[in-house]
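So the chains spell out like this:
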Amino acid sequence: MIRDQFKRPLRDLRISVTDRCNFRCGYCMPGDRTYRFLPRAELLTFEEIARLTRLFVHHGVRKLRLTGGEPLLRRDLHELVAQLAAIDGVEDLALTTNGSHLARQARALKEAGLHRVTVSLDSLQSDRFQKLVGKTADPGSVVAAIDAALAVGLKVKVNTVVQKGVNDDELVDLAGFFRGRGLEIRFIEFMDVGTLNGWKLDRVTTAEEIRDRIHQVFPNDPVPPRVAGETARRYRYRDGSGSFGVIASVTQPFCGGCNRARLSARGSLFTCLFATRGIDFRDMLRSGASDDELSERLAAIWRGRDDRYSELRAAGGPVPDRRREAPSDDDVTSDKVEMYYIGG
Ligand code: SAM
Ligand code: SF4
Ligand code: SF4
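It should be emphasised that the depicted structure is a prediction, and the values quoted were computed from it without experimental measurement.

Draft legend 1. Focus on the packing of helix α6 (residues 171-180) against helix α7 (residues 207-217). Two numbers describe how α6 lies on α7: the axes approach to 9 Å, and their chain directions differ by 60°. By the angle between their axes, α6 is oblique relative to α7. Here the hand of the crossing between α6 and α7 comes out right-handed. Where α6 abuts α7, its residues Leu 171, Val 172 and Ala 175 lie against Ile 210, Arg 213, Ile 214 and Val 217. Split by residue class, the contact of α6 with α7 holds 6 nonpolar, no polar and 1 charged.

Written as structure tokens, this is what we have:
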């Protein structure tokens, strides 16, 4: 098992399969600008993703999550799921989606070997939902997609990003709605990922506030973490009707247990969500590198990893900028990588 500079193992790989999305959530891809997406030939193929994933698994990865952009816009995604599910050592195979294309793909995904989906939903109110996602869309269809996923036997969680003055008045409604359906909802503090979303600390509803507000209506108790490195703090309702989670990425950072790597759709490895640099693997893959060469490079990168952006930011200190260190073939962004590009 390889460990980084802070002795953190490599356990979790998030794979972005596309940078495209049919929604324009303001905290991720604000709709007031145009985006240049990667041409198809620039994306890793399913075979390339599976090959790299096997090497990550060799180095300790046990959990995989497919993300994007909107991963279900990538054609025939179930074929990638089948290739990943067949890798020895993969214990958990999940997908994060906005739910818009989930209902009709749920069965194929499940049959291909997907274990779990996380569906993002920030509001149950039609007008508000449309404003939040920047498109004509209906929260009812996302709820229907959740039901379709459950019906085919997928485990489902719901993700809600909470923005003060935008949807924080809906916390109790959302908690109550999914509690009634026996699903765990996780409330996420609005994060300063990327450069486009105009993040300010005063737009963050803190995890503490989120828990308190729900507690007033649905009394609950903290649940001890199930595994090390768990990002969500979980709370169980006292009446036995299930649990909810809160992800305090801003106010209570969890860099100390962060065992996640992120692979971009064009094949660059990012070792932190707030990185300004991804390290290119695609050129190596396409110029005939052996598994040993790829594997050694991966291990060397992980061993050198010293990222802890959220902790440094929370402590008020300077956060490192590694752009200058990046060689020209790497996936260097002009600033922090954008959420729709790296996938959360
Ligand atoms: N399109 C898919 C979706 O929305 O579920 C997958 C990609 S999306 C980038 C992954 C997750 O990141 C979503 O749950 C989204 O709500 C969350 N997210 C995006 N921008 C965020 C931000 N600034 N702060 C917190 N969470 C964010
Ligand atoms: Fe698309 Fe997901 Fe980003 Fe919303 S959060 S714009 S659905 S990638
Ligand atoms: Fe991991 Fe970086 Fe987030 Fe810290 S800031 S938890 S190192 S991704």
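Draft legend 2. Local environment of the UniProt feature "domain: Radical SAM core" (unreviewed entry) in the protein chain. When the UniProt feature table is mapped to this numbering, "domain: Radical SAM core" (unreviewed entry) covers residues 5-220. Secondary structure content for residues 5-220 is 33% helix and 17% strand, and the end C-alpha separation is 37 Å.

Draft legend 3. The pairing of strand β9 (residues 243-247), seen in detail. In terms of burial, β9 is a largely internal element, 5 of the 5 residues being buried. Of the two faces of β9, the one holding Ser 243, Gly 245 and Ile 247 and the one holding Phe 244 and Val 246 are both buried throughout. Taken together, the 4 bridges between strand β6 (residues 184-189) and β9 define a ladder with parallel strand orientation. Within the sheet, the bridge partner assigned to Arg 186 lies in β9 and is Gly 245. Relative to β9, strand β8 (residues 233-237) is paired through 4 bridges, and the arrangement is antiparallel.

Draft legend 4. Up close: the site of ligand 1. Ligand 1 sits among 19 residues. The nearest are Tyr 27, Gly 69, Thr 97, Ser 120 and Met 191. Here an oxygen atom of ligand 1 sits 3.2 Å away from a polar atom, N or O, in the main chain of Thr 97. When ligand 1 sits alone it has 550 Å² of accessible area, and the protein chains cover 94% of it. Taken together, the elements giving at least two residues each to the shell around ligand 1 come down to β3 (92-97), β5 (155-162) and β6.

Draft legend 5. Up close: the UniProt feature "binding site: [4Fe-4S] cluster 2" (unreviewed entry) in the protein chain. The UniProt entry lists Cys 255, Cys 258 and Cys 272 under the feature "binding site: [4Fe-4S] cluster 2" (unreviewed entry), expressed in the numbering used here. These residues run over 18 residues, yet every pair of their C-alpha atoms falls within 9.3 Å of each other. Summarising the element assignment, Cys 258 is placed in the loop between β9 and β10 (260-263). Filtering out sequence-adjacent residues up to four positions away, Cys 258 remains in contact with Arg 8, Trp 302 and Arg 305. One can find Cys 272 in the loop between β11 (268-270) and β12 (277-280). Assessed through its relative accessible area of 10%, Cys 272 is described here as buried. In contact with Cys 272, not counting residues within four places along its chain, are Arg 262, Asp 307 and Tyr 309.

Draft legend 6. Inspection of the packing of aromatic side chains at higher detail. Evaluated as defined, the whole model comprises 10 aromatic pairs. Considering the side-chain rings of Phe 177 and Phe 178, the 5.0 Å spacing of their centres and the 85° angle between planes classify their relative orientation as edge-to-face. Centre to centre, the rings of Phe 274 and Tyr 309 are 4.2 Å apart; their planes meet at 10°, and the pair counts as stacked. In this pair, Phe 274 is assigned in the loop between β11 and β12 and Tyr 309 in helix α10 (residues 309-314), connecting sequence segments 35 residues apart. Residue Phe 274 shares its accessibility class with Tyr 309, and that shared class is buried. Geometry around Tyr 237 places Arg 179 over its ring, the cationic atom sitting 5.0 Å from the centre. Sitting above the plane of the Phe 281 ring, Arg 297 keeps its charged end 5.3 Å from the centroid.

Draft legend 7. Fine view of helix α4 (residues 126-133). Within the span of α4, buried status applies to Arg 128, Phe 129, Leu 132 and Val 133. Along the axis of α4, the buried residues cluster in a sector spanning 120°; they form a single face. Along α4, exposed side chains directed more than 90 degrees from the buried face belong to Asp 127 and Lys 131. Buried residues in α4 make contact with α5 (139-151).

Draft legend 8. Broad picture of the site of ligand 3. Close to ligand 3 lie Phe 254, Cys 255, Cys 258, Arg 262, Cys 272, Leu 273, Phe 274, Arg 305, Asp 307, Tyr 309 and Ser 310. Per-class residue counts for the shell around ligand 3 are 7 nonpolar, 1 polar and 3 charged.

What counts and what doesn't
Position numbers for residues start from 1 in each chain and track the written sequence from start to end. To label them, take the chains in the order written and letter them from A, then take the ligands in the order written and number them from 1. Per-residue local features of the predicted model are confined to residues with pLDDT of at least 70, and side-chain atom pairs are confined, for both listing and counting, to 80 or more; whole-chain, interface and lining totals are unaffected and use all residues. To get the side-chain values, all heavy atoms of the structure are used, and hydrogens and water are removed first. Axis definition: a line fit to C-alpha positions, over the contact stretch in the case of helices; interaxial angles, taken between N-to-C directions, run 0 to 180 degrees. A run of DSSP states H or I qualifies as a helix once it reaches four residues; a run of E qualifies as a strand once it reaches two. Both are numbered from the N-terminal end. Just so you know how the angles are binned, under 35 degrees is roughly parallel, over 145 roughly antiparallel, 65 to 115 roughly perpendicular, and the rest oblique. Left-handed is the label given to a crossing in which the near helix is rotated counterclockwise from the far helix by less than a right angle, and right-handed is the label when the rotation is clockwise. Whether two residues are in contact is decided by their heavy atoms: any pair within 4.5 Å suffices. Any residue that is not Ala, Val, Leu, Ile, Met, Phe, Trp, Tyr, Cys, Pro, Asp, Glu, Lys or Arg is counted as polar, Gly included; the first ten are nonpolar and the last four charged. UniProt positions are given in the numbering used here, feature names are shortened, and annotations may be inferred rather than shown by experiment. Burial classes follow relative accessibility: with a 1.4 Å probe on protein chains only, a residue under 20% of its type's maximum area counts as buried, one over 50% as exposed, and anything between as partly exposed. The pairing criterion is simple: DSSP has to find at least two bridges between the two strands. Residues are counted as near a molecule or strand when any one of their heavy atoms sits within 4 Å of it. N or O atoms closer than or at 3.5 Å make up a polar contact, with two conditions inside protein: a donor-capable atom paired with an acceptor-capable one, and, for residues adjacent in sequence, both atoms drawn from side chains. Here the accessible surface of atoms and residues is derived via Shrake-Rupley with a 1.4 Å probe, and residues count as covered only by protein chains that are part of the display. Pairing of aromatic rings covers Phe, Tyr and the six-membered ring of Trp, with a centre-to-centre limit of 6.5 Å; geometry is then stacked below 30 degrees between planes, edge-to-face above 60, and tilted otherwise. Only Lys NZ and Arg CZ are tested; either one counts as a charge over a ring when it is within 6 Å of the ring centre and within 35 degrees of the ring normal. Throughout, the arc means that of the directions going from the helix axis to the C-beta atoms.

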